Amino acid sequence: MKTKMIDWLILAAVVLPVSCSTPAMVGYLRDLDYEEVLSAKPAPELKLKIDDMVAIQVYSVEPELSAPFNAGAGLSAGGSLAESFSSNYLVDERGNIDFPVLGQLYVEGKTLAEVRKEIAQEISSRGYIREPVVKAELKNFTITVMGNLGPEVIPIEGNSINILQAIARGGGIPAETSKIKDVMVVRTENGERKAYTLDLQTKALFDSPVFYLQQNDLVYVKSRGVQLSNGGDLFLKIFSPTISAVSAIAYLLLWSSR
């Protein structure tokens with residue numbers, strides 16, 4: 001009987017501290033050495049997708065010539081075109097935008113640079129403006145973060161953001177309760193959704209096709225194990241002394257039974 005009791009106490013002394021302990025902290029890029037040189041790939045240019053909102057502005061040395069291409073932009077008191085982007089165009093389900101004067105333009109799958117170049121060439125070739133300057137920017141660049149990083153929809157300024165920047169924007173990941181070796185990125189392309197996995201502990205993430213995020217990407221950080229509620233944390237605080245006492249008794253009984 002005494003032997004069985006000792007066995008149970010030893011088991012409790014071993015299992016309880018392990019089961020109640022907090023998982024060890026895990027770090028990012030654990031295989032990246034100091035002063036190690038890696039090739040830095042530039043962020044790929046965003047390509048327009050259906051339901052994107054694009055702001056396009058046409059400029060000319062003669063503002064009255066560019067005004068017809070800037071619906072709603074208007075002229076300032078001095079006769080110059082307003083600097084702010086005010087002409088927004090939705091990429092419809094066919095991949096087109098309805099642009100003033102030029103009509104329907106197919107833009108799905110094209111970069112902003114390609115759209116700017118195409119519009120400038122169309123305006124020039126049709127004899128409207130000799131050397132137009134066209135500016136364009138994406139107005140609804142957002143990403144969605146969920147799981148241990150959200151939920152939140154994050155608006156992005158500029159035309160690029162990588163996964164680490166997105167994590168920082170989302171407030172960071174609680175590494176002790178998150179699967180940072182298996183972060184999911186869901187991307188929609190050509191009418192199809194595809195899920196990718198990212199291991200934030202390895203430098204290989206720099207070469208992932210989803211290291212740089214695109215508009216409407218979904219970042220999902222999975223939970224690792226069972227997370228304790230506030231009540232669970234309180235339970236551990238109350239019974240930690242008891243667990244320590246059980247461990248000490250088990251050790252003494254084991255020592256005395258020799």
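Trainee: In this structure, what is going on with the overall build of the chain? I would like to understand it.
Mentor: Each helix and strand in the chain was counted, giving five helices and ten strands. In the chain, which comprises 258 residues, the share counted as buried stands at 33%. Partitioning the contacts of the chain with sequence separation of at least 6, the portion at a separation of at least 24 is 63%. Surface exposure of the chain reaches about 15700 Å², of which carbon and sulfur atoms provide 57%.

Trainee: Can you walk me through the nonpolar core in this structure?
Mentor: The tendency in soluble globular proteins is for nonpolar side chains to be buried as a group. If you look at the biggest cluster of nonpolar residues, it comprises 46 residues, and the most contacted ones within it are Ile56, Phe99, Ile119, Ile163 and Leu200. The greatest single-element share of this core, amounting to five residues, is contributed by helix 3 (residues 112–125). Residue contacts for isoleucine 119: discarding those within four places in its chain leaves Ile56, Phe99, Leu102, Leu105 and Val134.

Trainee: What is the right way to look at the sheet that holds strand 2 (residues 88–90) in this model?
Mentor: Within a beta sheet, neighbouring strands are joined by backbone hydrogen bonds and run either parallel or antiparallel to one another. Strand order in the open sheet made by the three strands is 2-1-5, with antiparallel pairing throughout. A strand with exactly one partner marks an edge of an open sheet, and here the two such strands are strand 2 and strand 5 (133–138). Shown here is a sheet whose adjacent strand axes are inclined to one another by a mean of 30 degrees, direction ignored. Across the sheet, helix 3 is in contact with strand 1 (53–59) and strand 5; its angle to strand 5 comes to roughly 150 degrees.

Trainee: Just to check I follow, could you spell out the environment of glutamate 131 for this structure?
Mentor: In this fold, glutamate 131 is placed in the loop between helix 3 and strand 5. Overall, the relative accessible area of 66% leaves glutamate 131 in the exposed class.

Trainee: So what exactly am I meant to see when it comes to the environment of methionine 53 here?
Mentor: Take methionine 53: it is sitting in strand 1. Classification of methionine 53 by relative accessible area gives partly exposed; the value is 27%. Along the backbone, methionine 53 and isoleucine 97 are 44 residues apart, and their C-alpha atoms lie at a distance of 9.4 Å. Leaving out residues up to four positions away in the same chain, methionine 53 has contacts with Asn88, Tyr89, Leu90, Glu137, Leu138, Lys139 and Asn140.

Trainee: Quick question: what am I supposed to make of the confidence of the model for the chain here?
Mentor: Keep in mind that low pLDDT regions are not for reading the predicted coordinates in detail. On average, residues of the chain score 80 in pLDDT, and 71% of them reach the 70 mark or higher. Looking at the elements of the chain, mean pLDDT is at its lowest for helix 1 (residues 2–20), recorded as 50, and at its highest for helix 3, recorded as 97. Across residues 11–25 the pLDDT falls below 50, and counting only partners more than four positions away or on other chains, this stretch makes 15 contacts in the model.

Trainee: Would you explain unusual backbone geometry in this entry?
Mentor: Peptide bonds are, in most cases, trans, and in most cases residues other than glycine have a negative phi. For glutamate 35, which is not glycine, the phi dihedral falls at a positive 65 degrees. Looking at where glutamate 35 falls in the secondary structure, it is placed in the loop between helix 1 and strand 1. Classification of glutamate 35 as exposed rests on a relative accessible area of 80%. In this structure, asparagine 216 is a non-glycine residue whose phi angle is positive, near 70 degrees. Relative accessible area serves as the criterion here: at 41%, asparagine 216 is assigned to the partly exposed category.

Basis of the calculations
Residues numbered from 1 in each chain as written. Predicted model: local features only at pLDDT ≥ 70, side-chain atom pairs only at ≥ 80, totals over all residues. Heavy atoms only, no water. Helix = DSSP H or I, 4+ residues; strand = E, 2+ residues; numbered from the N terminus. Buried < 20%, exposed > 50% of the residue type's maximum accessible area, 1.4 Å probe, protein only. Contact = heavy atoms within 4.5 Å. Areas by Shrake-Rupley, 256 points an atom, 1.4 Å probe, with all protein chains shown as cover. Core = buried A, V, L, I, M, F, W, Y, C linked by side-chain atoms within 4.5 Å. Pairing = 2+ DSSP bridges. Axes fitted to C-alpha atoms, helices over the stretch in contact; angles between N-to-C directions. pLDDT = per-residue confidence, 0-100.

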